[in-house]
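Coordinate analysis (summary)
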Amino acid sequence: MPAQTIPYAPHYVKPPPTKEELEWAELPIIDFSNASTPEGRAELTPQVCNAMRTYGFMYIVNHGLTQAQNDRIFDIADIPFTQVPEDEMKRFTADIKGTGSYRGFKPRAVWEIDNGVRDQLEHYNTHRSITDLQNHPKALQPFLPEMRAFTEYNHHQILFPILQILARGLELPENTFTDIHGFDDKSETYLRFMKYYPRTQEDEQKSRNVWLKGHTDIGTVTVLWSQPVSALQILCPDGKWRWIKHIDNAIVVNIGDSMEFMSGGFYKGTIHRVRQPPVDQQGYARLGVFYFGSANDDVLLKPLVQSPVLQRVGIVRRFDDDKAPTQDQFRRGRTAAYGLSKLEKKNDVVEEQIIHGVPVRHYN
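This write-up is about the structure you can find in this document. (Residues numbered from 1 in each chain as written. Predicted model: local features only at pLDDT ≥ 70, side-chain atom pairs only at ≥ 80, totals over all residues. Heavy atoms only, no water.)

A look at the packing of helix H1 (residues 38-54) against helix H6 (residues 144-169)
Worth spelling out the cut-off: To define axes, lines are fitted to C-alpha atoms, for helices over the stretch in contact only, and angles between the resulting N-to-C directions are given on a 0 to 180 degree scale. Per the convention used, a helix needs a DSSP run of H or I reaching at least four residues, while a strand needs a run of E reaching at least two, with both numbered from the N terminus. Any angle that is under 35 degrees is reported as roughly parallel, and any over 145 degrees as roughly antiparallel; angles of 65 to 115 degrees are reported as roughly perpendicular and all others as oblique. Residue contacts follow a heavy-atom distance rule, with two residues in contact if any of their heavy atoms lie within 4.5 Å. For this scheme, ten residues count as nonpolar: Ala, Val, Leu, Ile, Met, Phe, Trp, Tyr, Cys and Pro. Four count as charged, namely Asp, Glu, Lys and Arg, and the remainder, Gly too, count as polar.
For the pair H1 and H6, interaxial distance at closest approach is 8 Å and the crossing angle is 75 degrees. One way to sum up the angle between H1 and H6 is to call them roughly perpendicular. Contacts from Pro38, Arg41, Ala42, Leu44, Thr45, Val48, Cys49 and Met52 of H1 reach H6 at Pro161, Gln164, Ile165, Leu166, Arg168 and Gly169. When the residues that make up the contact of H1 with H6 are grouped by side-chain class, the tally is 9 nonpolar, 3 polar and 2 charged.

The structure is reproduced here in structure tokens:
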């Protein structure tokens, strides 16, 4: 049989990593070589659960995709921003506020960051099915099968083992979370390609170098494919912002609010932000690839009180159980409101909004 040919994509050349000595977050590095077996997951459980209880972030290596496969998905990720004409992209622009969904294209300058400064980031979001629920620009269409293979891999080979390990950490059956994250079920787990662009010095000063305010993620588990432009910071347990360091072909994983709610506060949705890169990277755009995991739309985001662990250590609730929103309600509310609704200023650092009765904080 003739070898299958893959469609040509312009090669995206990744910027060089920074040479500056930054204050890096010391996150655990989890080897996923044996995460496909129950024995391997059992061995990883103490390390993963400790990471998700303290930092809420970790690295994953040896996840099964090669560096060449990693490079290829970044080539594809750049296409919406370099190969799609502006007039065509306008037809695929998401109605974020109207639908509470990011599906489609988000142009620059939609959100206010601070002091009148608008964001300088674009992203293209697609439901994990790729073709079932939306159409795509012509330039992306040759790559849709590869995008589908990538979402399936993220879902089954990365997200599912993480969810199984998190269930183990609560002494619950391994399928507790995977059963409410079905690939073919109704939910908004999605793939995102995102690109940040350098800003003017005036905008940097007005926004105190913040490109995206400190926040927690909406869903359950976020999978970020590591890229070399340093800009992501997390708020560490000691109250200091520290940088996330790039590791070639690694994944950065973090817990979102929805998992924190269901785990009764056992796992932490850690505050993180994006800020101006260090001096030796400030002329580069920052291209990112994400897989955002969410529970099925009808799942109530309330603590799993049957967990023996939660029965021992106690439950931290952010709202009463009878007022718990569904995943769909919480996601739509936060998505529609982010950067587009007025925030209540609590102090010089914290701003707050209420989404379905849940206080959601943003940090400058």
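Section: the pattern of salt bridges
The criterion, for reference: We define a salt bridge as a side-chain nitrogen of Lys or Arg found within 4 Å of a carboxyl oxygen belonging to Asp or Glu. A simple rule labels every residue: compare its accessible area, found with a 1.4 Å probe on the protein chains alone, to the largest value its type can have, and call it buried under 20%, exposed over 50%, or partly exposed in between.
Counted according to the given criterion, the structure contains 20 salt bridges. Between Arg208 and Asp114 there is a salt bridge, with the nearest N and O atoms lying 3.2 Å from each other. You can see Arg208 sitting in the loop between helix H8 (201-206) and strand E8 (210-215) and its partner Asp114 sitting in strand E4 (residues 112-114), a full 94 residues away along the chain. A salt bridge links Arg242 to Asp238; its shortest N-O distance comes to 2.8 Å. Given the relative accessible area of 47%, Asp238 is considered partly exposed. Linked by salt bridges that have partners in common, Glu23, Asp238 and Arg242 make up one network.

Focus: the state of the cysteines
Keep this limit in mind: Sulfur atoms of two cysteines make up a disulfide when they are within 2.5 Å.
Scanning the model with the defined rule gives 0 disulfides in all. Of the cysteine sulfurs around Cys49, a residue in no disulfide, the closest is that of Cys236, at 20 Å. Classification of Cys236 as buried rests on a relative accessible area of 5%.

Things to note about a negative patch on the surface
What counts is decided by this rule: Like charges within 9 Å and nonpolar side chains (Val, Leu, Ile, Met, Phe, Trp, Tyr) within 5 Å are joined into patches, using only residues over 30% in relative accessible area that form no salt bridge. The method behind every accessible area is Shrake-Rupley, applied with a 1.4 Å probe, and residues are considered shielded solely by the protein chains displayed. A residue counts as positive if it is Lys or Arg and as negative if it is Asp or Glu; His and the chain ends are not included. For the purpose of locating charges, the reference atoms are NZ of Lys, CZ of Arg, CG of Asp and CD of Glu.
A cluster of acidic residues, Asp132, Asp184, Asp185 and Asp298, forms a negative patch on the protein surface. Inspection of the secondary structure puts Asp298 in the loop between strand E14 (286-293) and helix H10 (308-313). Look at Asp298 and you get exposed, because its relative accessible area is 61%.

With respect to the packing of aromatic side chains
Aromatic ring pairs are reported here in terms of the distance separating the ring centres and the angle at which the planes meet. The line we're drawing: Each Phe, Tyr or Trp ring, with Trp reduced to its six-membered ring, pairs with another whose centre is within 6.5 Å; inter-plane angles below 30 degrees give stacked pairs, above 60 give edge-to-face pairs, and intermediate values give tilted ones. We count a charge as sitting over a ring when the NZ of a lysine or the CZ of an arginine lies within 6 Å of the ring centre and within 35 degrees of the ring normal.
Counted by the stated rule, this structure contains 9 aromatic pairs. Taking the centre distance of 5.8 Å and the plane angle of 25 degrees together, the rings of Tyr196 and Trp211 count as stacked. In this pair, Tyr196 is assigned in strand E7 (residues 190-196) and Trp211 in strand E8, connecting sequence segments 15 residues apart. The exposure class of Tyr196 is buried, given its relative accessible area of 3%. Put simply, the rings of Tyr102, Trp111, Tyr190, Phe290 and Phe292 touch in pairs and so form one group of aromatic residues. For Arg108, the ring lying beneath its charged end belongs to Tyr197, and the centroid distance is 3.5 Å. The ring of Trp241 carries the charged tip of Arg273 above its face, separated from the ring centre by 4.1 Å.

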